[in-house]
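# Examination of the molecular architecture
The chain contents come next:
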Amino acid sequence: MAVRGNIVGIDSPEALEKALRAAYYLADEGLATAAYLGLALGKPLLLEGAPGVGKTEAAKAIAAVLGRRLIRLQCYEGIDASAALYEWNYPRQMLAIRQAGEESIDIYGEAFLIERPMLAALRAPDSAVLLIDEIDRADQEFEAFLLEFLSDFQISIPERGTVRAAERPVVVLTSNRTRDLHEALRRRCVYHWIDYPTAEREARIVMMRASSVAEQTARAVVAAVGKLRREPLSKAPGIAEAVDWAEAATLLHKGGARWPDAFKRSIGVALKDEEDLHFISPRLDALIAEAAA
Amino acid sequence: MSEELQLPRAAQIFISFVALLRANGFAVAPEQTTAFLAAIELLGPRSLEHIRHAGLATLAPPPERRATYDRLFDIHFRGSEAIERAEGEDEEAIRLQEEGRGEDEPPLSDEANESGLAAARAEALVERRFAQPSTSDALRRLSREAAARLPRRRGHRRMRARRGPFADLRRTLRESVRNDGEVLRLGRLRRRTRPRKLLLLIDVSGSMKARTEENLKLAHALLQAVGHAEVFTFGTRLTRVTRPLRLKRREQALNAAAHLVSDWDGGTRIGDALQAFLAVPRFGGYARGAAVIIVSDGLERGDVSALRDAVAKLSRRAWRVSWLTPLASGPGFRPQTEALIAIQRYVDDLVDGGSSAAVVSHLLSLGTRRAA
């Protein structure tokens, strides 16, 4: 096992956690450990969790800590190699052939290659973090294709040969778990399941992310969101929704709305499903009053 | 084995922990063990919590079995002090315990008889038919024709075609190189079609008793034939049985599934079961754009409005909702039960589910239907 050792002075999970905090991301012990191990062992980091618990944010924070560019590859059903790896610039190649006339020309030169996220990360492993976002949206074929990339970190381009990374690039994968990922993929990665944070930590996150929000507001919002998550809703509010709700309520309050009212009127940023709203609305007043207490 | 290959004694306890995990059905690959040891070495001697986190990160137990992992970890590293904790339930099954109603449901005495009667009537309908191909014939037909006749959807990827809406620049360029850069013919591409997701929800309550085993056999045959189907059973609870039914041998698969399902032949609370299904985002996602097939007689003992809402929600998410009931035996079928009348306007097909042959032929006919 290639232990990469220390990375820019981060030599323990605690140090990474502190660095992440400086990048405005509050990681719990499990996430800090997993991320540290991923970096140190040179393995991709696979983050799973409900939507809105901060998986993508974690990748952004890691990129910020390392001082690297974040290259994001958003997965979708039907994503294929030409969207993930590379593509030839065909119109340009055709023009080049026309212009060359009788002379010979290499139409597979650098100028005709369009880099896509995975190739870009491979060619600049020390200055980029590759985020493969929502891998569960991609289909099984793409997942299988990813296996090769994640274990060898190389891409072969038939016209040019194999591109190999000088060192293992930092790769973060996220999944909403809308389907089970293949065991082989999980095996190659360092894995962490991000859960909803504790109320205490979530309140700190809200205050950190939305600086205009007062502590009391943050606590009230977090308590209310915590209650909402226990209801049988079709989409429970995530951390991002909690932050939005706190900000929206603060904004309305500054505009002259009274407190419980400001929460109630801005519920739309936390619950985004008509049926959920309908389901919760009879008890919304009580819920907010209870949370604000 | 030579001396040099012996692991340091300190590592033994970690190796044996991995062995313990494997013995409890966790899939741990050798390279994960290596990563686990490397992680412990890297973190240095610290608290047990670090070892737990290192294990979580490198051995990657599935989140739904996290509790089992923690229990095994405690037993292994902390010894007996932690064994006191209650035996956990099986995490594979997402159980639906209803709130509001009494925790201990009274035994389903007379209702059970009533539903038994209904089941017997359904049975009689089946018996009265003649010249029906047997179950195994139907299943064989399903596995033979599934790949070709189950519904498909338009995919995102493109394939070369004689005619199509997109230009195939790659192929055109390659051909033009052969002709000194002259484009003689423009290659075309069209969208490829992909198999559509299938979601099969099987009623295992008392009133469906006579059909339950057949339906599970059918689900097994379906899962063996296609890779993109999900199967759940429901009665008073909802259980995902996709995993056990993926096992190749039928007896083994059915036994494993039977082991998971705990509400065989009980009452029916379809509405609550479907609501629970929709409330889990991961499960709800299975229905999105899928062909949803519900095999149930719709003898609802719970609240009909809950059922109606759930089916309405399901039909908005799904490509097409089919409700297969053994009660719908003839073409002139008019639903009589309150539940079926309530959901009639939300389901796209309300057809016969009284025999495997009927279910199979409906499944195979889905491919020619359109979204509703």
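Residue numbers restart at each chain and count upward from 1, following the sequence in its written direction. All chains are assigned letters beginning at A, and all ligands numbers beginning at 1, according to the order in which they are written. In keeping with the model being predicted, local features are shown solely for residues with a pLDDT of at least 70 and side-chain atom pairs are shown and tallied solely at 80 or more, while totals for entire chains, interfaces and linings include all residues.

Working definition: helices are DSSP H or I runs of at least four residues, strands are E runs of at least two. Numbering for both runs from the N terminus. In terms of regular secondary structure, chain B is built from 15 helices and 9 strands. Residues with at least 20 neighbouring C-beta atoms inside 10 Å of their own are called buried, those with 12 or fewer are called exposed, and the rest are partly exposed, where every C-beta is derived from the backbone. Residue burial in chain B is summarised as follows: out of 372 residues, 37% are buried. The contact criterion used here is simple: two residues whose C-beta atoms, placed from the backbone, lie within 7 Å are in contact. The long-range share in chain B, meaning contacts at least 24 apart out of those at least 6 apart in sequence, stands at 76%.

Within chain A, the regular secondary structure consists of 13 helices and 9 strands. Principal-axis analysis of the C-alpha atoms places the extent of chain A at approximately 80 × 45 × 35 Å. Scored against the burial criterion, the 293 residues of chain A give a buried share of 42%. Taking the intrachain contacts of chain A between residues at least 6 apart in sequence as the baseline, contacts between residues at least 24 apart amount to 74%.

What follows deals with the interface of chain B and chain A. Contact with chain B, which involves 33 residues of that partner, is made by 32 residues of chain A. Of all the secondary structure elements, the ones that give two or more residues to the side of chain B that touches chain A are helix H2 (30–43), helix H3 (48–59), strand E1 (152–161), helix H7 (169–178), helix H11 (270–279) and helix H12 (281–287) of chain B. Top element by residues in the side of chain B that touches chain A is H2(B). It accounts for 7 residues. Classes in brief: Ala, Val, Leu, Ile, Met, Phe, Trp, Tyr, Cys and Pro nonpolar; Asp, Glu, Lys and Arg charged; the others, Gly included, polar. Class assignment of the residues belonging to the side of chain B that touches chain A gives a composition of 17 nonpolar, 12 polar and 4 charged.

It is worth spelling out the domain arrangement of chain A at this point. All names here are of chain A. Source of the domain bounds: an automatic or database domain assignment. Splitting chain A by domain gives domain 1 (13–81 + 116–194) and domain 2 (199–292). Inter-centroid distance (C-alpha atoms) of domain 1 to domain 2 is 31 Å. Contact with domain 1, which involves 8 residues of that partner, is made by 10 residues of domain 2. For the side of domain 1 that touches domain 2, a count of residues per class yields 5 nonpolar, 2 polar and 1 charged.

When two helices pack together, their arrangement is given by the angle between their axes and by how far apart the axes lie. Residues and elements named next belong to chain B. Following both chains from N to C, one finds H11 and helix H13 (residues 304–317) inclined at 40°, their axes separated by 7 Å at the closest point. Regarding the angle of H11 to H13, the classification is oblique. Here H11 runs over H13; the crossing is left-handed. For the pair H11 and H13, contact is made by Ile270, Gly271, Asp272, Leu274, Gln275 and Leu278 and by Ala306, Leu307, Ala310, Val311, Lys313 and Leu314, respectively. Note on geometry: axes are C-alpha line fits, over the in-contact stretch for helices, and angles between N-to-C directions span 0 to 180 degrees. For classification purposes, angles smaller than 35 degrees are called roughly parallel, those larger than 145 roughly antiparallel, those between 65 and 115 roughly perpendicular, and all remaining angles oblique. Rotating anticlockwise by less than a right angle from the far helix to the near helix defines a left-handed crossing, while the corresponding clockwise rotation defines a right-handed one.

Residue and element names in this part refer to chain A. One open sheet accounts for 5 strands, arranged E2-E5-E8-E1-E9; its pairing is parallel. In this open sheet, the two edge strands, each paired with only one partner strand, are strand E2 (69–74) and strand E9 (190–194). Averaged over all adjacent pairs, the angle separating strand axes in this sheet is 20°, with direction ignored. Pairs of strands are assigned from DSSP output, requiring at least two bridges between the strands. The sheet contact formed by strand E1 (residues 45–49) and strand E8 (residues 170–175) spans 4 bridges and is parallel. Bridging from a neighbouring strand, Glu48 pairs with Ser175 of E8.

Residue and element names in this part refer to chain A. Counting through the fold element by element, Ala249 comes out in helix H11 (residues 239–254). We classify Ala249 as buried; it has 28 C-beta atoms within 10 Å. Considering only alpha carbons, one finds Ala249 and Ile267, 18 residues apart in sequence, at a separation of 8.6 Å.

Within the span of helix H15 (residues 356–365) of chain B, buried status applies to B:Ser356, B:Ala358, B:Val359, B:Val360 and B:Leu363. In this structure, the buried side of H15(B) is in contact with helix H6 (135–149), helix H8 (209–225), strand E7 (291–295), strand E8 (320–325) and strand E9 (349–352) of chain B.

For the rest of this paragraph, the subject is the packing of helix H1 (residues 9–23) of chain B against H2(B). Residues and elements named next belong to chain B. Following both chains from N to C, one finds H1 and H2 inclined at 140°, their axes separated by 11 Å at the closest point. Classified by the interaxial angle, the pair formed by H1 and H2 is oblique. As for the relative orientation of H1 and H2, their crossing is right-handed in sense. Contacts from Ala11, Phe14, Ile15 and Val18 of H1 reach H2 at Thr33, Phe36, Leu37 and Ile40. Taken together, the residues of the contact of H1 with H2 sort by class into 7 nonpolar, 1 polar and no charged.

With that settled, consider H6(B). All names here are of chain B. Maximal helix bending in H6 amounts to about 35°, located at Ser143. Residues of H6 that are buried: Ala138, Leu139, Leu142 and Ala146. If you follow the buried residues of H6, they end up packed against H8 and H15. What we call the bend at a residue is the angle made by axes fitted to the seven residues finishing there and the seven residues starting there.

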